Amino acid sequence: MAGQIIELEIGGMTCSSCASRIERKLNKLPGVEASVNFATEKARVVLPEGTETEIAIATVEATGYSAVLPAPPDDADQADGEPVDAETEALRRRLIVTAVLTTPVVLLSMVRPLQFDNWQWLSLTLAAPVVVWGALPFHRATWTNLRHRAATMDTLISVGVSAAFLWSLVALFFGSAGEPGMRMQFTLLPARGAGGMTEIYLEVASAVTVFILLGRYLEARAKRRSGAALRALLEMGAKDVAVLRDGAEQRIPVSQLAVGDRFVVRPGEKIATDGRVVEGASAVDASMLTGEPVPVEVTVGDQVVGATVNAGGRLVVEATRIGADTQLAQMAKLVEEAQTGKAPVQRLADRISAVFVPVVISLAILTLFGWLIAGAGAQAAFTAAVAVLIIACPCALGLATPTALMVGTGRGAQLGLLIKGPQILESTRRVDTIVLDKTGTVTAGRMQLVGVVPVGSADADELLRLAGAVEGASEHPIAAAIATAASDRLGPLPTVGDFANVQGRGVTGTVDGHAVLAGRPLWMAETLTIALPGEAQVAVDRAQEAGHTVVAVGWDGEVRGVLMVADTLKPTSAQAVRELVGLGLTPVLLTGDNARAAATVAGQVGVTEVIADVLPQDKVDVVRRLQAEGRVVAMVGDGVNDAAALAQSDLGIAMGTGTDVAIEASDLTLVRGDLRAAVDAIRLSRRTLATIKGNLFWAFAYNTAAIPLAIAGMLNPLIAGAAMAFSSVFVVTNSLRLRRFTAVSLDAAAQPSAAATVPVGASA
């Protein structure tokens, strides 16, 4: 929808019910679409044109929470981590104090020999600060929610702890529990005696508070760790830069850099922003962005990316993109948007959480009266009701999806795999067909010399040297491939005189006194009446069958040989196709090339289904046709002509080495140009989705199994509190396992065979 998108940092949320309530309030505003994420503590809000940001902030504040716009980048860099660290540190101090006070209370209540006369009054003295101050965050949140006629998971904790404490006060002051000789015995199952107020629950009130605080503290630390990948991504960039002004170097903050500025990058320094090399040559370590450990050689005219490290010589770079337009900033934006959004499975959990708390409170009340009516006594009835309140707190339910999403997308960013939104996870599970664009995706996308066939007494090196010299004066991609191969193999090439370019046919020139011609075989045969010898014609026929481009070379009136040029396979494409098939996907090769060339490439990489001779504008129709056949289609491409097909597919995967248009139209972006990264992206997405579903299963199963036990009076509130806290910690820890995800595309041991890198028929 049209409108502006803003991001708000939300404060005061304590559980997923809080996030759901804020989201509902925001979505009630006219034309507003909002998504609130408890784990990231952020809201992504789409406002209609003309709507002030303050309206959204005021709505959040009226709901009982705080909302602010994120700090500018410079301020954010300085303050990064401070609010979260301060909050976590305060939680840690509260946990330590309450744990110290609670330990003797629990020991006195559970170990009968330690119970001296009037021990219960010492327990009250120690437990009171725990219940009042230690559990204050839960009481405060409950009071705020009550003022807005709402209930959250904090309500269950506050009511349960308060009820246990108040029962103990009544038993001590008005029952027999305050008598000097009172003794207690801890049991896993609560006592069902029908007696009066002879038991106290100070250890329950105190220990549950400690368990919940421990769970919250571990959650806060885990959430901090799960967002570490994004923070590391944001902090990768250089802080200052040596810019060239009037021929002299001047060091300035990166924020003052402008497009067109030229800056110096010395060995070991980070490249300040995206740009083009205008002076020097070096190797650039891009592993921070791509995960690829091998440095990339760059020279004048090559593009470089900000935050990568200059590992070799001195470079002078001209800035082409700055600030939010850089590749690093775009990557961080994609990751953050994915983490702030919600997967379809999470929305189900949110709907359940919204009605869960009122249902649990009702169940606790029914449990209390049910046991009283059954004649079990007030003590047993109260114990069962408190256990229901405490065990039912579905904190794990609220953490199940966002924590896994944060860790999964963060790990993907570290590996150069960008997942645009959480809904993409569902798509990766359903995909059964993957369409691979040939040029630039399966192949390298640039011409290379793959065969040299001399004729008669001609020498292969001499053939390549003279052809490379005359082709070096042309700007055609085929000519450039021949000239590059010749200079790489033979060193500096001789100069060419009397150069002429016959458009679409070939080139001529004088090299070392020889009148050299290089071009199409038919041009030589028809126009220059230089026929190909039989052995050369055999090589031409074989090369053309393989889909290669053939260049005939002659001098002094005779054909001396032929050169074969082709768009070679990427070394890892064959392995990538095998991996994709292993994931249960059917690969389809899509190309505008002729069927013969397409079949050759398909045979080399192991694709059996080929769609060739497709015009760029018809690629989207191919995807639609496959979808009409009932297939769920993923598309991998890198060019402008792939953008429409990427958008039409059920899962669009763009090679990050391609165009911005293709990347914008895709759902997954692969920073590296390695097709195996597509395998990793699908594996990571599926692993993240599986983790989310595992978390949700644990949370649902835990509550489903535990609530009936509590209602039946078979669960001690102390054990219930520990189990509830453990469930949240388990969910977060399970999500953190995604940090150990390893990428096939970065496995040095999993390299393809050398045969996969050379086209069929090559004899280079």
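As the structure is a computational prediction, the values presented were derived from the model and not from experiment.

Peer 1: Where do I start with the overall build of the protein in this structure?
Peer 2: A tally of regular secondary structure across the protein gives 27 helices and 26 strands. Of all 764 residues assigned to the protein, the portion counted as buried reaches 53%. In the protein, of all internal contacts separated by at least 6 residues, the share reaching a separation of at least 24 is 71%.

Peer 1: What's the story with the pattern of salt bridges in this structure? I'm lost.
Peer 2: When their charged atoms lie close together, side chains carrying opposite charge are able to pair. The full count for this structure, using the stated rule, is 23 salt bridges. Where Asp117 meets Arg183, a salt bridge forms, and the shortest distance between an N and an O atom there is 3.1 Å. Remark: Arg183 occurs in the loop between helix H7 (153-174) and helix H8 (202-226) and Asp117 occurs in the loop between helix H4 (82-110) and helix H5 (119-134); sequence separation between them is 66 residues. What makes Asp117 partly exposed here is its relative accessible area of 46%. For Arg183, a relative accessible area of 28% gives the class partly exposed. Sharing partners across several salt bridges, the network here consists of Glu249, Arg266, Glu279 and Arg314.

Peer 1: Honestly, the side chain of His139 in this entry has me stumped. Any pointers?
Peer 2: With respect to the element layout, His139 can be found in helix H6 (residues 136-147). In contact with His139, not counting residues within four places along its chain, are Val131, Val132, Ser158 and Ser162.

Peer 1: I would appreciate a short explanation of the side chain of Ser573 in the present structure.
Peer 2: In this fold, Ser573 is placed in helix H21 (residues 573-582). Separated by 2.6 Å, the side chain of Ser573 and the backbone oxygen of Val442 make a polar contact. Ser573 has contacts with Thr441, Val442, Val605 and Leu675, leaving out every residue within four places of it along the chain.

Peer 1: Please clarify how the sheet that holds strand E22 (residues 586-590) should be interpreted in this entry.
Peer 2: Within a sheet, each strand pairs with its neighbour through backbone hydrogen bonds, oriented either parallel or antiparallel. Here we have seven strands laid out as an open sheet, ordered E14-E26-E25-E24-E15-E22-E23, and mixed in their pairing. The open sheet has two free edges, formed respectively by strand E14 (417-419) and strand E23 (609-611), since each of these has just one partner strand. Direction aside, the axes of adjacent strands within the sheet are offset by 20 degrees on average. Taken together, the four bridges between strand E24 (residues 633-637) and strand E25 (residues 651-655) define a ladder with parallel strand orientation. Residue pairing across strands places Val636 opposite Ile653, the latter belonging to E25. Across the sheet, helix H23 (residues 619-628) touches strand E15 (433-437), E22, E23 and E24, and the angle it forms with E24 is around 160 degrees.

Peer 1: Got a minute to help me understand H21 in this structure?
Peer 2: One full turn of an α-helix is made of 3.6 residues, so residues set three or four places apart face in the same direction. Taken together, the buried positions of H21 are occupied by Ser573, Ala574, Gln575, Ala576, Val577 and Leu580. Residues of H21 that are buried sit in contact with E15, helix H16 (438-442), E22, helix H22 (595-605) and helix H26 (676-711). Note on H21: the residue one or two positions beyond its end, Gly584, has a positive phi of about 90 degrees.

Peer 1: Can you walk me through the environment of Val435 in this structure?
Peer 2: Within the secondary structure, Val435 sits in strand E15. Ignoring anything within four residues of it in the chain, the contact list for Val435 reads Val588, Leu590, Leu626, Val633, Ala634, Met635 and Val636.

Peer 1: Explain the UniProt feature "transmembrane region" (unreviewed entry) in the protein to me, please; I cannot follow it from the model alone.
Peer 2: Following the UniProt record, one finds the feature "transmembrane region" (unreviewed entry) at residues 95-113, 119-136, 156-178, 198-218, 352-374, 380-401, 695-712 and 718-736. Summarising residues 119-136: 94% helix, 0% strand, and an end-to-end C-alpha distance of 25 Å. Between the first and last C-alpha atoms of residues 695-712 the distance is 26 Å; the span itself is 94% helix and 0% strand.

Peer 1: What is the right way to read the sheet that holds strand E21 (residues 558-569) from this model?
Peer 2: In space, the six strands of this open sheet follow the order E16-E21-E20-E19-E18-E17, with antiparallel pairing throughout. Since the sheet does not close on itself, it has two edges, and those belong to strand E16 (443-454) and strand E17 (497-502), each with one partner. Across the sheet, the mean angle from the axis of one strand to that of its neighbour is 20 degrees, orientation sign disregarded. Note: strand E20 (residues 549-555) against E21, seven bridges, orientation antiparallel. Across the sheet, residue Val550 finds its bridge partner in E21, namely Met564. Against the sheet, helix H17 (residues 460-471) engages E16, E17, strand E18 (506-511), strand E19 (514-519), E20 and E21, with an angle of about 105 degrees to E18. Against the sheet, helix H20 (residues 534-545) contacts E16, E20 and E21, and its axis sits at roughly 15 degrees relative to E21.

Peer 1: Looking at this model, I keep getting lost on H17. Mind explaining?
Peer 2: Relative to the 16 Å expected for 12 residues at 1.5 Å per residue, H17 spans 16 Å between its end C-alpha atoms, a close match to the ideal helical length. Near the N-terminus of H17, the side chain that reaches the backbone nitrogen of Asp461, with its oxygen 3.1 Å away, is that of Asp459.

Peer 1: In this structure, what is going on with the packing of aromatic side chains? I would like to understand it.
Peer 2: Applying the stated criterion across every chain yields a total of five aromatic pairs. Relative to Phe730, the ring of Trp698 lies with its centre 4.6 Å away and its plane at 45 degrees, an arrangement referred to as tilted. Residue Trp698 is found in helix H26, and its partner Phe730 is found in helix H27 (residues 717-736); the two are separated by 32 residues along the sequence. The partly exposed category is assigned to Trp698, whose relative accessible area is 27%. Relative accessible area serves as the criterion here: at 31%, Phe730 is assigned to the partly exposed category. Members of the aromatic cluster, each reached through a chain of ring pairs, are Trp167, Tyr201 and Phe382.

Cut-offs applied
Residues numbered from 1 in each chain as written. Predicted model: local features only at pLDDT ≥ 70, side-chain atom pairs only at ≥ 80, totals over all residues. Heavy atoms only, no water. Helix = DSSP H or I, 4+ residues; strand = E, 2+ residues; numbered from the N terminus. Buried < 20%, exposed > 50% of the residue type's maximum accessible area, 1.4 Å probe, protein only. Contact = heavy atoms within 4.5 Å. Salt bridge = Lys/Arg side-chain N within 4 Å of Asp/Glu carboxyl O. Polar contact = N/O pair within 3.5 Å; in protein donor to acceptor, adjacent residues only side chain to side chain. Pairing = 2+ DSSP bridges. Axes fitted to C-alpha atoms, helices over the stretch in contact; angles between N-to-C directions. UniProt positions renumbered as here; feature names shortened; annotations may be inferred. Expected span 1.5 Å × (residues − 1). Phe/Tyr/Trp six-rings, centres within 6.5 Å; stacked < 30°, edge-to-face > 60°.

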